Amino acid sequence: MTEQTDPLLPELARKLVETLGLDMEPESVDPAAPLIGAGLGIDSIDTLELVVMIDKDYGVKIDNRAAGVEAFASLGALAAFIQQHRPASPA
Amino acid sequence: MTKSRPVLLGWDGVSSMGIEWNEQWRRARAGESGIGPLTRFPLRPDSPVRIAGQVNLDPDAINPLPACLRPREMAHWKSPVFRYSMLVVHRALAKAGIAITPELAPRVAVTFSTAIGGLDAVVDADRALVANGSLPLPYMNPNSCVNMIAGKISILSGATGPCITTVTACATGSTSIAMGALLIETGRADVVIAGAVDFPLVEPIVAGFSTMNGSFKPKTDEDALHPGKASRPFSIDRRGFVISEGAASVILASAEFAKAHGLHPEFELAGWSLSSDAHHPVAPHRPTIARCMSEAIAASGIRPDAIAAVNAHASSTKVGDKVEDEALHDVFGAKVPPVSANKSQFGHAMGAASILESLLTLEGMRDGVLLPTINFTRDPDINLDVVTETRQHPSQDYVLKNAFGFGGTNTCLIFHRL
């Protein structure tokens, strides 16, 4: 329930669509759907671009496989992961 | 001469003169210029270069947008070299009327090349790294990998034959045609996607051409006020080349392939030659340039007096144009055919210049005209029939195209109207 109302979701959806040039509106990204290898057509190289974007924009590193599996499970999971790991005082 | 000569099936280009090829050709015939203010990066107050020939490619203005240019396809390909090259190859293939089926794919080669490549991606990444420690995006290296453009064209087209990048600096586009011809003549390919792209409007590259006295330096207020009058090849007041962007592609095929597929090409590449100066890193060298022209003419099975016109390299530098003039006289004696210098209109698109100029040569042969060399004032030291106004010249069976590059690389092509 908290995922559905996460204020990060619209922002992340917009960045996802812009970074990867997805042919869809940010609002239509299903926050519960798998991010990788499913309907969005996001592949491993796209994921690398997202990892760099998340590090740059939120100061959150996704630098091991377990973190990747958790963070990219869905857009909602990614928002939760960022909220959980972002530095206490944003730069 | 039973060896298969390559024929030219279809072509397309983007340049400072426009995005649609027919429009560029119309403007060229009308004697217009594509040169304007340089806006690719913020100019410093003392920036020595303030004008350029820019390609104004707005994907939103292309309708319908080819699938290869959709945002999703281009998401990681930030350097404009990819947008420009994918568009011209897509269009050239369509005009050539060839479908690259799985059966044909192994016989289709790519020689489409670039001199500078996606260097802008490296410069942008380096500036971010130095300024704030930002690591590059994962696709920075693929963007700047010099043969990635050919690789992307292979993916776009499905071509699985030889895929090579024929970098010879400012002769790159012509060399891509010559190397494509080599693959066809030696039976290694039936179809070749040739061409070149360059995006040299990157701050250090632009400034570097200025400090080495290669690019145009304004001298008077008039120079600063009229960008379109800055590019003055063969003219007494020539002051270096105007740096431009551009891309163009031509589809080559063996004559047998064209015949077997019911195609009716208008042109063939009658002959070509490459030579190296072994002389100086950037200054041209008369004997090896002259030899390159002579060899291309001999390879075509004709005599010099069969050449109806010359599309010059015309670097627009003092030494470059003078040496080309001398070498032309070495080859043709007192009877040098009329000379056109398209850089006067388009600027110098680096590796893409000679492919754009080759396509303009073909259009001129088809329409029976020679393009003007604009901004020309006669130089008493240069004794050429420089075409200054669009000239009717109906019988152009054979035309010589010259291209010379840094590193002392020379490529000469002879186009033949069938």
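These numbers were taken from a predicted model, which means no experiment stands behind them.

With that out of the way, let us pick up the overall build of chain B. A count of helices and strands for chain B gives 14 helices and 14 strands. Against the compact-globule benchmark of 22 Å for 418 residues, chain B has a radius of gyration of 20 Å, which places it among compact chains. Based on the C-alpha atoms only, the size of chain B along its principal axes is roughly 60 × 60 × 40 Å. Scored against the burial criterion, the 418 residues of chain B give a buried share of 60%. Put simply, 80% of the contacts in chain B that link residues at least 6 apart link residues at least 24 apart. For chain B, the computed accessible surface area is about 16000 Å², with 55% contributed by carbon and sulfur atoms. Taken together, the 37 basic and 40 acidic charged side chains of chain B have centroids lying 1 Å from each other.

Residue and element names in this part refer to chain B. Along the chain, the position of threonine 411 falls in strand E14 (residues 409-417). Overall, the relative accessible area of 1% leaves threonine 411 in the buried class. Among the polar contacts made by the side chain of threonine 411, one reaches the side chain of threonine 175 at a distance of 2.8 Å. Setting aside residues up to four positions removed in sequence, threonine 411 forms contacts with Ala171, Ser174, Thr175, Ala178, Ser273, Leu274, Cys292, Lys401, Asn402 and Ala403.

Bringing the packing of aromatic side chains into the picture now. Residue and element names in this part refer to chain B. Across all of its chains, the model carries five aromatic pairs over all chains by this definition. Arranged with centres 5.3 Å apart and planes meeting at 80°, the rings of phenylalanine 209 and phenylalanine 241 form a pair that is edge-to-face. One end of the pair, phenylalanine 209, is in helix H8 (residues 203-211); the other, phenylalanine 241, is in the loop between helix H9 (221-225) and strand E7 (246-254), and 32 residues separate them in sequence. The exposure class assigned to phenylalanine 209 is buried, which follows from its relative accessible area of 11%. The class for phenylalanine 241 is buried, based on a relative accessible area of 7%.

So, on to the environment of B:Leu65. Residues and elements named next belong to chain B. Here leucine 65 is to be found in the loop between strand E3 (51-52) and helix H2 (71-74). Accessibility expressed as a relative area gives 25% for leucine 65, which makes it partly exposed. Spatially, the C-alpha atom of leucine 65 lies 27 Å from that of serine 176, the residues being 111 residues apart in sequence. Apart from the residues lying within four places of it in its own chain, the contact partners of leucine 65 are Pro59 and Arg70.

Residue and element names in this part refer to chain B. All chains considered together, the criterion is met by one cavity of 30 Å³ or more. The volume enclosed by the largest cavity comes to roughly 110 Å³. Surrounding the largest cavity, 14 residues form its lining, Asn311, Ser340, Thr361, Leu370 and Leu371 being those nearest its centre. When residues of the lining of the largest cavity are traced back to their parent elements, those giving at least two are strand E9 (307-311), helix H14 (353-367) and strand E11 (369-370). The class makeup of the residues in the lining of the largest cavity is eight nonpolar, six polar and no charged.

The subject of this paragraph is the confidence of the model for chain A. Averaged over every residue, the pLDDT of chain A is 87; residues scoring 70 or more account for 91%. Mean pLDDT values over the elements of chain A span from 51, in helix H1 (residues 2-5) of chain A, up to 95, in helix H5 (residues 75-85) of chain A.

Opposite charge on two side chains allows them to pair when their charged atoms are near. Overall, the coordinates contain 33 salt bridges over all chains when judged by the stated rule. Residue A:Asp57 pairs with A:Lys56 through a salt bridge whose shortest N-O separation is 3.6 Å. Judged by its relative accessible area of 32%, A:Asp57 is partly exposed. Here B:Arg417 and B:Glu266 are joined by a salt bridge, their closest N and O atoms 3.6 Å apart. Here the residue B:Arg417 occupies a position in strand E14, and B:Glu266 occupies one in the loop between helix H10 (255-260) and strand E8 (267-276), the gap between them amounting to 151 residues. The class for B:Glu266 is partly exposed, based on a relative accessible area of 27%. In this structure, a network of salt bridges that share partners links the residues B:Arg286, B:Lys322, B:Asp325, B:Glu326 and B:Asp330.

What counts and what doesn't
- Residues numbered from 1 in each chain as written.
- Chains lettered and ligands numbered in written order.
- Predicted model: local features only at pLDDT ≥ 70, side-chain atom pairs only at ≥ 80, totals over all residues.
- Heavy atoms only, no water.
- Helix = DSSP H or I, 4+ residues; strand = E, 2+ residues; numbered from the N terminus.
- Rg over C-alpha atoms; globule rule 2.2 N^0.38 Å.
- Buried < 20%, exposed > 50% of the residue type's maximum accessible area, 1.4 Å probe, protein only.
- Contact = heavy atoms within 4.5 Å.
- Areas by Shrake-Rupley, 256 points an atom, 1.4 Å probe, with all protein chains shown as cover.
- Lys, Arg positive; Asp, Glu negative; His and termini not counted.
- Charge placed at Lys NZ, Arg CZ, Asp CG, Glu CD.
- Polar contact = N/O pair within 3.5 Å; in protein donor to acceptor, adjacent residues only side chain to side chain.
- Phe/Tyr/Trp six-rings, centres within 6.5 Å; stacked < 30°, edge-to-face > 60°.
- 1 Å grid on protein atoms, 1.4 Å probe; cavity = no way out; pocket = protein on both sides within 12 Å on 5 of 7 lines; lining within 4 Å.
- Points joined across faces, edges and corners; volume = space filled by probe spheres on them.
- Nonpolar A, V, L, I, M, F, W, Y, C, P; charged D, E, K, R; others polar.
- pLDDT = per-residue confidence, 0-100.
- Salt bridge = Lys/Arg side-chain N within 4 Å of Asp/Glu carboxyl O.

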